Amino acid sequence: MKNPIAGLNKFFDNRIRLGVMSLLLVNETLSFKDLKGALEVTDGNLATHLTGLEEKGFIQVHKGFIGRKTNTTYAITPGGAQAFKDHIKALEGIINGIK
Amino acid sequence: MNSEKEPQQALATIRDLMDRGSRFVSLSGWSGVAAGVCALAAAGWASHILQIHAVRSQSFLALPAGFPGTGQEAVGRKLMALALGTFALAFLAALFFTWLRSRKTGLPLWGFVARRVLVHVAVPMLAGGFVIWRLADFGLYGLAVPACLIFYGLGLINASKFTLPEVRYLGYLQLLLGIICLWVTGYGLYFWAAGFGVLHILYGLVMWYRHERKEKGAAR
């Protein structure tokens, strides 16, 4: 029998990484400020997880400017979207298994 | 963390974030009621303005327009100022009730979702504003009322994909009223009262009934 938790992606266990992926799945791009406001986390904490997600290739970072202020926006990559959807499917599978 | 043990909770978090990450859900039904009351009061006041200037509303708004040159521009200016003031007041009232609601739901009022809703309402309405401005310049007040309803309806439909789905139906109804009104401009004041007044109040009550009534007891 297949291991029911095999599909779970350990990387998405963290609440903040989970939150970033959820928000980016339904929004084309979001700025650092948008993510921070929606997830109610500190700058440093969010930045760490964003770097982690970027290194994994799950999100794409675009550094832009509004006037002189930096405006960094984030978008989900096709690979990231697939990995996250697989994770959701695995979660659903576990719940259905329990029922 | 512990989501491996609690996949249910993880899924709930994901669903919640996706939902409020894509739709503005703090819109309060009372906002609609308040805006509607403002509009009804304004319609009453407008009819009073027409009365004291001894202008029959039906001939003032009827087409072809009887001016410029008939000395009725002053009445027109008063009515336009009244309409603008009503819009500002209704907007503030709507904002106030939505702010109250967002405090109750614990969601930020001014997030990127709210910004998106506002931009999508504002673009058609700003375009409409310029159209109405020019219509008023030519004394075509009869067309200004349906134009208000039509552009407002378009704004609502445009923004509805980022907020509660009922907004779309309100938009369609405003649009429909506006289009009918194009042919019966003399009755513009009644259409104004029906669209901005009655429809808003009805919509607000429906929204309250469907989304907020249940929260009363379970308010966080």
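About the cut-offs
- Residues numbered from 1 in each chain as written.
- Chains lettered and ligands numbered in written order.
- Predicted model: local features only at pLDDT ≥ 70, side-chain atom pairs only at ≥ 80, totals over all residues.
- Heavy atoms only, no water.
- Phe/Tyr/Trp six-rings, centres within 6.5 Å; stacked < 30°, edge-to-face > 60°.
- Helix = DSSP H or I, 4+ residues; strand = E, 2+ residues; numbered from the N terminus.
- Buried < 20%, exposed > 50% of the residue type's maximum accessible area, 1.4 Å probe, protein only.
- Core = buried A, V, L, I, M, F, W, Y, C linked by side-chain atoms within 4.5 Å.

Moving on, we get to the packing of aromatic side chains. Aromatic ring pairs are defined here through the distance separating the ring centres and the angle between the ring planes. Residues and elements named next belong to chain B. Applying the stated rule across the entire model yields 12 aromatic pairs over all chains. On the basis of an interplanar angle of 35 degrees and a centroid distance of 6.2 Å, the ring pair of phenylalanine 96 and tryptophan 99 is categorised as tilted. With phenylalanine 96 and tryptophan 99 both in helix 4 (residues 73-105) and three residues apart, this pair spans about one turn of that helix. When its relative accessible area of 42% is taken as the criterion, phenylalanine 96 is described as partly exposed. Judged by its relative accessible area of 37%, tryptophan 99 falls in the partly exposed class. Aromatic pair tyrosine 187 and tyrosine 190: ring centres 6.2 Å apart, planes at 40 degrees, arrangement tilted. For tyrosine 187, a relative accessible area of 41% corresponds to the partly exposed category.

Ranked by size, the top nonpolar core spans 42 residues in total, and within it Phe12, Val20, Met21, Leu23, Leu46, Leu53 and Phe84 of chain A carry the most contacts. For this core, the secondary-structure elements that each account for two or more residues are helix 1 (15-26), helix 2 (32-39), helix 3 (43-55), strand 3 (69-76) and helix 4 (78-98) of chain A together with helix 1 (7-20) and helix 5 (112-137) of chain B. Ala46, Leu50, Val145 and Met207 of chain B belong to the second largest nonpolar core, which has 32 residues in total.

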